[in-house]
Amino acid sequence: MDKHLICLDLDGTLLTDEKKISPYTKDVLTTLKQQGHELMISTGRPYRASVPYYKELKMTTPVVNFNGAFVHHPTDFNFVNKHETLDLDVTRAIAKKVPELNIKNIVAEVKDNIYIHYHDSVLFDAFKMGDPKISVGNLYDTLNEDVTSILVQAEESEMAHIRQTLDELFAEVIEQRRWGAPYPVLEIIKKGINKAIGVDYARDFLNIPQSRTIAFGDEDNDTEMLQYVEHGVAMKNATDDIRGISKYITEKNNNNDGIGHFLNEFFDLGMKP
């Protein structure tokens, strides 16, 4: 079979709820890689939180991080990185809205540097993977450069109002995405950026036609990617909206080798769990 590009979201998709790649799915992906297909991570996470899985699967492809805002190649220095940032003035303007919008906390990321508005031990634990440089303080004062993404943490009851307000003020320059568990988070990146943009950029570099692309996802930040690829696959545990726009839905969820079973059947591998 001709080479395919298999794009893998991480949380809720490739990873179990324990943040592991299950053995059967790993075996299937490893077999496909040995057959010449390309595996690629496409995630909202930064690279420092993606690299363990990149190494575990022995990938040699570009990585789509921050939902497409940063596309890079960890092992090929000839690859031209694509880094789309939010203007510093926009970030500062959002930071000024923290008190009036009942935002619990706001985090700005510049590749692998982290700026946290309020000190929070839970957030520190969530972002400590990869030992990043973390700065704490009012983002209006601590930031001095354009950022890759902004994460807004708030109570679920406040999210709709926050999104509406940010849309009214910044709709022309930002994209908003929702994260699920473990707590409500709103991610903000540059307008027009999404996983599909990143996948297309990497696909072109790998010289694989769009007709031989497959992607798996579960949340709204996967929407454009699943619509862009030829074979968009929603996880059984995906949101209703994602299931509704996808060409396929896995028979099993992320905790029960949904990806492994789908790819085993799609490529007729005959691999038993």
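Just so you know, these numbers come straight off a predicted model, no measurement behind them.

Novice: How should the overall build of the chain be read in this particular structure?
Specialist: Along the chain, the regular secondary structure elements total 11 helices and 14 strands. Relative to the compact-globule value of 19 Å for 273 residues, the chain shows a C-alpha radius of gyration of 18 Å, a close match. Once the C-alpha set of the chain is aligned to its principal axes, its extents read approximately 55 × 40 × 35 Å. Sorting the 273 residues of the chain into buried and exposed places 53% on the buried side.

Novice: So what exactly am I meant to see when it comes to the side chain of glutamate 175 here?
Specialist: Relative to the elements of secondary structure, glutamate 175 occurs in strand β10 (residues 174-179). Although glutamate 175 lies buried, it forms no salt bridge, and the closest oppositely charged side chain, lysine 191, sits 4.3 Å away as judged by the N-O distance. For glutamate 175, the side chain forms a polar contact with the main-chain nitrogen of glycine 192, separated by 2.8 Å. Apart from residues no more than four positions distant in its own chain, glutamate 175 is found in contact with Glu187, Ile188, Ile189, Lys190, Lys191, Gly192 and Ile193.

Novice: Would you explain the sheet that holds strand β3 (residues 63-65) in this entry?
Specialist: Working definition: the strands of a sheet are paired by backbone hydrogen bonds and lie parallel or antiparallel to each other. The strand order across the open sheet built from three strands is β3-β4-β5, with neighbouring strands paired in antiparallel fashion. Every interior strand has two partners, whereas the edge strands, β3 and β5 (82-83), have only one. Summarising the sheet, strand β4 (residues 70-72) and β5 pair through two bridges and their orientation is antiparallel. Residue valine 71 lies in a different strand from β5, and its bridge partner there is lysine 82. Its contacts with the sheet put helix α8 (residues 195-206) on β3, β4 and β5, and the angle it makes with β3 is roughly 160°.

Novice: When you look at the packing of helix α2 (residues 23-34) against helix α11 (residues 258-266) in this model, what are you seeing that I'm missing?
Specialist: Interaxial distance between α2 and α11 falls to 7 Å at its minimum, and their mutual angle equals 40°. The angle between α2 and α11 places the two elements in the oblique class. In the crossing of α2 with α11, the sense of the turn from one axis to the other is left-handed. When α2 is examined against α11, the residues Tyr24, Thr25, Val28, Leu29 and Leu32 are found in contact with a partner set consisting of Ile259, Gly260, His261, Leu263 and Asn264. Residue classes in the contact of α2 with α11 are distributed as six nonpolar, four polar and no charged.

Novice: Could you clarify how one ought to interpret unusual backbone geometry in this entry?
Specialist: Most peptide bonds are trans, and most residues other than glycine sit at a negative phi. Even without being a glycine, asparagine 67 presents a positive backbone phi close to 55°. With respect to the element layout, asparagine 67 can be found in the loop between β3 and β4. Phi is positive for asparagine 207, close to 60°, though the residue is something other than glycine. In this structure, asparagine 207 sits in the loop between α8 and β12 (213-217).

About the cut-offs
- Residues numbered from 1 in each chain as written.
- Predicted model: local features only at pLDDT ≥ 70, side-chain atom pairs only at ≥ 80, totals over all residues.
- Heavy atoms only, no water.
- Helix = DSSP H or I, 4+ residues; strand = E, 2+ residues; numbered from the N terminus.
- Rg over C-alpha atoms; globule rule 2.2 N^0.38 Å.
- Buried < 20%, exposed > 50% of the residue type's maximum accessible area, 1.4 Å probe, protein only.
- Lys, Arg positive; Asp, Glu negative; His and termini not counted.
- Salt bridge = Lys/Arg side-chain N within 4 Å of Asp/Glu carboxyl O.
- Polar contact = N/O pair within 3.5 Å; in protein donor to acceptor, adjacent residues only side chain to side chain.
- Contact = heavy atoms within 4.5 Å.
- Pairing = 2+ DSSP bridges.
- Axes fitted to C-alpha atoms, helices over the stretch in contact; angles between N-to-C directions.
- Parallel < 35°, antiparallel > 145°, perpendicular 65-115°, else oblique.
- Left-handed = near helix turned anticlockwise from the far one by under 90°.
- Nonpolar A, V, L, I, M, F, W, Y, C, P; charged D, E, K, R; others polar.

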